[in-house]
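# A structural walkthrough
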Amino acid sequence: TIHPWRKSNLRGIVFYNIEALRGEEVRIFDTTLRDGEQTPGVSLTPEEKIIIARQLDKLGVNVIEAGFPVSSRGDFEAVRMVAAEGLSAEVCGLARIMRKDIDAALDAGVDMVHVFVSTSDIQIQHTIKKSREEIVAQAVEAVEYVKSHGRTCLFSAMDATRTPVPFLKEIFGAVEGARCDIINIPDTVGVAIPTTFRQLVREICNSTKKMVVDVHCHNDFGLAVANNLAAFEAGAREVQVAANGLGERAGNANLAETVMGLHSMYGAKTTIHTPYLFETAKLVERLTEVRISRTAPIVGENAFAHESGIHSHGVLERSDTFEPGIMTPEMVGHKRRIVLGKHTGRHAVKQSLSEMGYAPNDDQLQEILERVKDLGDKGKAVTGADLMTIAEVVIGEL
Ligand code: KIV
Ligand code: ZN
């Protein structure tokens, strides 16, 4: 295979050969039910978690992080119930590097235990208050304990993007020695930018032998998806996501955006059945009561809606004139809409009228268009019922 990184002969600048990533496989680790549920104001019952877990399984995610079993009786029960569902996805439970946390995850019957510990100086000094040596020893012990129970072990160095790289490499090396399967580089407070994150991930990938490298990006600066994609470019082969970008503060990397970025922009392979992306987003919206913005990419109401005359005309002629083309509404289970308003043109009105069974002459069409624009100018959305009323009146008059 062609190595994705190549050095140009121009001052040693590293360029990226995107084509080399076509067909690369990447695992989708979904944390909607764990970090997503940490969204302020969101709390899911075990029954709601089961409904979402079934949908995520239908969607085809590789891993469902179902919760943090030690955190509450309800969460333990939810994780236990999701694990007992017999899903195709691996079910994961979160645990600090402590026996009682790991035991709770094991008792809940998960396939994978996600152990984590802070590694940045700021978090070590102000939250866990232990020496680096103690942290490494405890992390190794935790991984060994998980592995001794025959489960897959994922280890996260929390706040990795604010951790000195030599220490990050040291702790990842130590857990690799304890037979850890997957290491995670979390951008816990969302401060990574794609260029530097790519370099960090590359360095960690180069320093590990067998472990899969995973990333968990928060969206404090709106860069979580971009950072997931940069990590993939750098060699990460598992990315963490949450439906609708739910999660602590500004949330986690958005599931639909990450998946479609990987599919459409890189030609990467995931196990996701993308036509279920829209219904997944809507289900999670309904159960969490966190609304999807109208302009949200991929699953937002307007993601494939066109109002301007120029755009609508183009799209009616050929959809990729004003859509990406490498991603269509059908690919994600959404629908294209031509919206009528002050920017509408003749083609869109004619098309909408013809769908309703009207065939106005040129004068009637011009008059209908003007009345649609007048309504749009008053700040009103022009609905199908409005158009029908206007058409009835105008065709009756002219
Ligand atoms: O943001 C974070 O660092 C986390 C860890 C538990 C992976 O959610
Ligand atoms: Zn997180």
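This one's a predicted model, so the numbers in the text were calculated from it and none came from an experiment.

## Here's the deal with the overall build of the protein chain
- Check the secondary structure of the protein chain and you find 15 helices and twelve strands.
- By principal-axis analysis of the C-alpha atoms, the protein chain measures approximately 85 × 60 × 35 Å.
- A total of 398 residues make up the protein chain; the buried ones form 52% of that total.
- In the protein chain, of all internal contacts separated by at least 6 residues, the share reaching a separation of at least 24 is 70%.
- One way to put it: in the protein chain the 44 positive side-chain charges average out to a point 4 Å from where the 54 negative ones average out.

## Quick look at the coordination of the zinc ion (ligand 2)
- Protein-derived ligands of the zinc ion (ligand 2) are Asp35 (OD), His216 (NE2) and His218 (NE2), with the metal-ligand distances lying across 2.0 to 2.1 Å.
- For the zinc ion (ligand 2), all donor residues lie on one chain, and their spacing in sequence is D-x180-H-x1-H. Here Asp35 is found in the loop between strand E3 (27–30) and helix H1 (46–59), whereas its partner His218 is found in the loop between strand E9 (212–217) and helix H8 (224–234), with 183 residues between them in sequence.
- What makes Asp35 buried here is its relative accessible area of 3%.

## As for helix H6 (residues 165–177)
- An ideal rise of 1.5 Å per residue puts 18 Å on 13 residues; H6 measures up with 18 Å between its terminal C-alpha atoms.
- What H6 keeps buried is the set Phe167, Leu168, Ile171, Phe172, Val175 and Glu176.
- Arg179 lies just past H6 and shows a positive phi near 75°.

## What to know about the pairing of strand E8 (residues 182–187)
- For E8, the buried fraction is high: six of the six residues fall into the buried class.
- Residues Ile182, Asn184 and Pro186 of E8 are buried on one face, and the alternating residues Ile183, Ile185 and Asp187, pointing to the opposite face, are buried as well.
- Two elements, strand E7 (residues 152–158) and E8, share three bridges in a ladder whose sense is parallel. Considered in E8, the bridge of Leu154 is made with Ile182.
- Between E8 and its parallel partner E9, the chain crosses via helix H7 (residues 194–207), and the hand of that crossover is right-handed.

How each quantity is defined
- Residues numbered from 1 in each chain as written.
- Chains lettered and ligands numbered in written order.
- Predicted model: local features only at pLDDT ≥ 70, side-chain atom pairs only at ≥ 80, totals over all residues.
- Heavy atoms only, no water.
- Helix = DSSP H or I, 4+ residues; strand = E, 2+ residues; numbered from the N terminus.
- Buried < 20%, exposed > 50% of the residue type's maximum accessible area, 1.4 Å probe, protein only.
- Contact = heavy atoms within 4.5 Å.
- Lys, Arg positive; Asp, Glu negative; His and termini not counted.
- Charge placed at Lys NZ, Arg CZ, Asp CG, Glu CD.
- Donors = N, O, S within 2.8 Å, 3.2 Å for Na, K, Ca; no water.
- Expected span 1.5 Å × (residues − 1).
- Pairing = 2+ DSSP bridges.
- Right-handed = clockwise from strand over helix to strand, strands pointing away.

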